[in-house]
Amino acid sequence: MTRKLWFGRGMRDGMPIAIGYFAVAFALGIKATAAGLTPWQSALLSLLNVTSAGEAAGIALLGVGTTYVELALTQLVINIRYLLMSCALSQKLSPRTGLLHRLAVGYGVTDEIFGISAATEGPLSPYYSYGAITVAVPGWTLGTLLGAVMGNVLPARAVSALGVALYAMFLAIILPPARKSRVIAGLVAISAMASAALSWICTAFSLTFFTEGFRIIVLTVVISLGAALLFPLKEAEKDEVNADGN
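Given the structure is predicted, the values throughout are model-derived calculations rather than measurements.

### Some words on unusual backbone geometry
Residues apart from glycine generally show negative phi values, whereas peptide bonds are mostly found in trans.
Okay, step 1: The phi angle at Val 50 is positive, at roughly 55°, despite the residue not being glycine.
Okay, step 2: Of note, Val 50 is situated in the loop between helix H2 (39–49) and helix H3 (52–63).
Okay, step 3: The phi dihedral of Ser 206 is positive, around 55°, even though this residue is not glycine.
Okay, step 4: Assignment of secondary structure puts Ser 206 in the loop between helix H11 (182–204) and helix H12 (212–230).
Okay, step 5: Among the residues examined, Ser 206 registers a relative accessible area of 55% and is labelled exposed.

See below:
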């Protein structure tokens, strides 16, 4: 497949993500202006970070006048899961992929872009990621900017409803592979139940140090390791996947 085709495929798959990002970032822009940021500062924040949980936490801390050290540590804990995602995607890239390409792909690693990239069969071209980033990141940035400029005009119920789009979009990413594989479907169900149980335990016993980002990391490592040990991909299946990807 040519670079142009990979890029176009990435743009196609990234378009629903861009729409979902726009809706969620609109509400984020409202929070940013409430914390004292200007609309352009809010847009620049989204352009450089592209992380909903990280930005929301950062904006909340800026609103109460936190220190740079606390802000940096909070971002590290919340966003460290992207290191795991980047490591996983690096295994799908060709060994001949250069450092600059890998850094550019890493800039756009989000939960949703990782989802569509990981679901792509066979080796992954960096131009697929570029296509997805080209539409998704502007959607996120523009949504933040418009939310900061126009958000206060909308009623509170409308702003809250905009946040639902991202969750519906993420379900659209994970459901197709889950329908094809019982193992994936089971792992998705186990992940959801484990996440809910761990969140309840942390709340019930006031484990404030065990933040959401930390919980995501622990669950990702444990469940992924268990799946790799219990349901390893056989060599014949790997060859078949690579053949389909080529």
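Resuming the write-up.
### Observations concerning the packing of aromatic side chains
Okay, step 1: Scanning the entire structure with this criterion turns up 4 aromatic pairs.
Okay, step 2: An angle of 70° between the planes, with centres 5.4 Å apart, marks the rings of Tyr 21 and Trp 140 as edge-to-face. Highlighted residues: Tyr 21 in helix H1 (residues 3–34) and Trp 140 in helix H8 (residues 126–150), separated in sequence by 119 residues.
Okay, step 3: On the basis of an interplanar angle of 50° and a centroid distance of 6.4 Å, the ring pair of Phe 22 and Phe 26 is categorised as tilted. Of this pair, Phe 22 and Phe 26 both sit in helix H1, 4 residues apart, which is roughly one turn of that helix.
Okay, step 4: For Phe 26, a relative accessible area of 9% gives the class buried.
Okay, step 5: Between the NZ or CZ atom of Arg 81 and the centre of the ring of Tyr 82, over which it lies, the distance is 4.6 Å.

Conventions adopted
- Residues numbered from 1 in each chain as written.
- Predicted model: local features only at pLDDT ≥ 70, side-chain atom pairs only at ≥ 80, totals over all residues.
- Heavy atoms only, no water.
- Helix = DSSP H or I, 4+ residues; strand = E, 2+ residues; numbered from the N terminus.
- Buried < 20%, exposed > 50% of the residue type's maximum accessible area, 1.4 Å probe, protein only.
- Phe/Tyr/Trp six-rings, centres within 6.5 Å; stacked < 30°, edge-to-face > 60°.
- Lys NZ or Arg CZ within 6 Å of the ring centre and 35° of its normal.

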